[in-house]
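# Observations on chain architecture
Each chain is listed here by its residues.
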Amino acid sequence: MLTIHAAPLVLPVGAAAVADGAVAVDGDRIAALGPYEEVAAAHPAARVRRWPGLLTPGLRQDRARELLTRCYHPDPREADELGELPLWGEEFERLAMTMDATRRAGSVRRGLQRMLRHGTTQVAGPFGADDPALRTAVARSGLVVQAAPAPVPVREEPGELLPVREGVPDLDPFAAGGDLARTAHGPLTVGGRADLAVFDVPDEAALYGGGPWPCVATVLAGRLVHRAR
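## Section: the sheet that holds strand β6 (residues 59-61)
- The three strands lie next to each other as β6-β9-β10, forming an open sheet whose pairing is parallel. At either end of the open sheet lies a strand with only one pairing partner, and these are β6 and β10 (144-146). Taking the axes of each pair of neighbouring strands and ignoring which way they run, one obtains an average angle of 35 degrees across the sheet.
- In the sheet, strand β9 (residues 120-124) pairs with β10 via three bridges, with the strands oriented parallel. Its bridge partner lying in β10, Ala-124 is registered against Gln-146.

## Concerning the packing of aromatic side chains
- Under the defined criterion, the tally for this structure stands at one aromatic pair.
- With a centroid separation of 5.4 Å and an interplanar angle of 75 degrees, the aromatic rings of Phe-174 and Tyr-208 are classed as edge-to-face. Note that Phe-174 is positioned in the loop between β12 (160-163) and α7 (180-183) and Tyr-208 in the loop between β13 (196-199) and β14 (215-220), a separation of 34 residues in sequence.
- Above the plane of the ring of Tyr-36 lies Arg-50, whose end atom (NZ or CZ) is 4.2 Å from the centre.

## Here we look at the packing of helix α5 (residues 101-116) against helix α6 (residues 132-141)
- With their axes 10 Å apart at the nearest point, α5 and α6 run at an angle of 30 degrees to one another. As far as their axial angle goes, α6 and α5 are roughly parallel. Between α5 and α6 lies a crossing whose hand is right-handed. On α6, the residues that touch Arg-104, Val-108 and Leu-112 of α5 are Leu-134, Ala-137, Val-138 and Ser-141.
- Here the contact of α5 with α6 is built from residues that sort into five nonpolar, one polar and one charged.

Parameters and conventions
- Every residue gets a number counted from 1 within its own chain, in the order that chain's sequence is written.
- Side-chain atom pairs in this predicted model are given and counted only at pLDDT of 80 or more, local residue features only at pLDDT of at least 70, and totals for whole chains, interfaces and linings cover all residues.
- Side-chain descriptors were evaluated using all non-hydrogen atoms of the structure, hydrogens and water having been removed beforehand.
- At least two DSSP bridges between two strands are needed for those strands to be called paired.
- Put simply, DSSP marks the helices as runs of H or I at least four residues long and the strands as runs of E at least two long, and each gets a number from the N terminus on.
- Every axis corresponds to a line fitted to the C-alpha atoms, with the helix fit spanning only the stretch in contact, and the corresponding angles, defined between N-to-C directions, vary from 0 to 180 degrees.
- We call Phe, Tyr and Trp rings a pair once their centres come within 6.5 Å, taking the six-membered ring for Trp, and we label the pair stacked below 30 degrees between planes, edge-to-face above 60, and tilted otherwise.
- Whether a charge sits over a ring comes down to the Lys NZ or Arg CZ being within 6 Å of the ring centre and within 35 degrees of the ring normal.
- Angles are sorted into four bins: roughly parallel if under 35 degrees, roughly antiparallel if over 145, roughly perpendicular if 65 to 115, and oblique for all others.
- Should the near helix be turned anticlockwise from the far one by less than a right angle, the crossing is termed left-handed; should it be turned clockwise, right-handed.
- We call two residues contacting when some pair of their heavy atoms lies within 4.5 Å.
- The residue classification treats Ala, Val, Leu, Ile, Met, Phe, Trp, Tyr, Cys and Pro as nonpolar and Asp, Glu, Lys and Arg as charged. All others, Gly included, are polar.

Note that every value here comes from positions in space, so none of it alone points to a role or purpose.
Below is the structure:
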């Protein structure tokens, strides 16, 4: 079924913002983009999902590999003991010494789910042959995998070169300081893949500096994979 995602502000990236805008999605593709009244008139039989705030392209998580391999994402049942945030550094290393494959797989799965809850639709690899379980989990998530942005310093790991970035990895794709144009998976275009994120904020400026802001919904290849309300 064709679905119209409507919001008070649509930011396509690379094109003018659309007030009271909408994106029509047919399967995994964008069928139309523009003012809601025009999109709705052209697709009168479409299901309509109305969202608060602003609708953007899905976002890219540049530190996905670190978040999945060098962080532990606690199970909600572990919250009293471990908290709810990803564990990094010494805390992760202590857990890693006794972590079996099942517990690690659970952490990876939760990490991928939490990326989706932050509007992420694309992740920076590599997820190579050295870790087939990780590669399989990422593939099953439906997230698009792209090479890590360059140029960046690298350090050698067995079999590959990995980006080196400073500080604790953050699930918020904007944490590294990039704006929407640099952080978006790609622009919203008719015929393009339907990867969308919705944030309950009034404008683009509100996305930066105080996050992570509430991600209301994430649409991955036309599928609603996260909905906060």
